[in-house]
Amino acid sequence: MWDFNQPSPNEALTDAILAAAEAHLKVRFPADYVAALRQKNGGATLGQYFPLPKQEVPAHLTRYIDNGYVSVAEINGIGTSHTSVLETEYMTAEWQLPKGFVLLDGDGYTWIAFDYRTADHEPTIVFLDSDSGDTLFLAASFAEFFSRLVPHEALFDEEGEYIGPPRHNES
């Protein structure tokens with residue numbers, strides 16, 4: 001699901017880079033994430049939206065859900081660029097985020113992240129709100145998350161009007 005027409009912002013993933021990142025962040029990355037990064041070490045994907053699974057959504061988070069989807073700008077790889085999971089520590093402090101997450105995408109106000117609070121090497125993927133610290137479950141694995149990304153043109157026409165399938169995420 002990578003957009004190979006857009007270059008990766010990070011150097012090619014090596015075993016040494018991976019080991020250093022895991023030691024620095026004190027996590028073990030899921031094998032499916034590592035396999036994806038060996039194809040392209042982060043950056044643009046062909047899908048920009050992820051369908052939010054049915055769940056109760058607090059009222060203050062509904063503004064981040066567009067017709068049942070959350071936006072995904074790109075996926076952070078592992079490296080020295082500003083779009084690296086190694087920025088997690090800095091961003092966690094800067095945005096006063098709860099501990100236990102490794103950030104995969106975000107704009108400061110909201111994030112897509114691995115949730116390591118209860119898992120040591122097979123974290124779920126969550127949507128994280130900076131202001132409240134609230135999370136919404138997205139996927140049980142990186143592979144599930146990555147494979148279910150939906151392209152913008154599948155959901156919106158040229159004028160930005162929603163044309164995708166009816167989605168209901170009832171609280």
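The shown structure was predicted, so the numbers you read here are calculated from the model rather than taken from an experiment.

Quick notes on the rules
- Residues numbered from 1 in each chain as written.
- Predicted model: local features only at pLDDT ≥ 70, side-chain atom pairs only at ≥ 80, totals over all residues.
- Heavy atoms only, no water.
- Buried < 20%, exposed > 50% of the residue type's maximum accessible area, 1.4 Å probe, protein only.
- Helix = DSSP H or I, 4+ residues; strand = E, 2+ residues; numbered from the N terminus.
- Arc of directions from axis to C-beta.
- Contact = heavy atoms within 4.5 Å.
- Core = buried A, V, L, I, M, F, W, Y, C linked by side-chain atoms within 4.5 Å.
- Pairing = 2+ DSSP bridges.
- Phe/Tyr/Trp six-rings, centres within 6.5 Å; stacked < 30°, edge-to-face > 60°.

Participant: Looking at this structure, how should I read helix α2 (residues 31–39)?
Facilitator: Side chains of residues three or four places apart in an α-helix project in the same direction, reflecting 3.6 residues per turn. Along α2, the residues that are buried comprise Tyr33, Val34, Ala36 and Leu37. Burial along α2 is one-sided: seen end-on, the buried residues are contained in an arc of 160°. Seen from the open side of α2, the exposed residues pointing more than 90 degrees away from its buried face are Ala31 and Gln39. Those residues of α2 that are buried lie in contact with α1 (15–25), β3 (101–106), β4 (110–115) and α4 (142–147).

Participant: Looking at this structure, I do not really get the nonpolar core. What am I missing?
Facilitator: Nonpolar side chains tend toward joint burial in soluble globular proteins. Counting residues in hydrophobic clusters, the biggest one holds 35 residues, and the most contacted among them are Phe29, Tyr33, Phe142 and Phe145. Elements with a contribution of two residues or more to this core: α1, α2, β3, β4, β5 (124–129), β6 (135–139) and α4. Once residues within four sequence positions are removed from consideration, tyrosine 33 is found in contact with Ile75, Asn76, Gly77, Ile78, Val85, Leu104, Phe114 and Phe142.

Participant: What exactly am I supposed to notice about the pairing of β6 here?
Facilitator: Sheet faces and side chains relate simply in a regular strand, where the side chains alternate between the two faces. Pairing of β5 with β6 involves four bridges; the strand directions are antiparallel. Bridge assignment links valine 126 to a residue of β6, and that residue is phenylalanine 137. Between β5 and β6, which pair antiparallel and follow one another directly, the connecting turn spans five residues, one of which, glycine 133, has a positive phi of 80°.

Participant: I'm lost on the packing of aromatic side chains in this one. Help?
Facilitator: The description of an aromatic ring pair uses the distance of the two centres, along with the angle that the planes make with each other. All chains considered together, the criterion is met by 14 aromatic pairs. With centroids separated by 5.8 Å and ring planes inclined at 45°, the aromatic side chains of tyrosine 64 and phenylalanine 127 adopt a geometry described as tilted. Within this pair, whereas tyrosine 64 is found in the loop between β1 (49–51) and β2 (69–71), its partner phenylalanine 127 is found in strand β5, the two being separated by 63 residues in sequence. Residue class for phenylalanine 127 comes out buried when judged on its relative accessible area of 4%. Within the aromatic cluster, the residues linked to one another by ring pairs are Trp2, Phe29, Tyr33, Phe50, Phe114, Tyr116, Phe142, Phe145 and Phe146.

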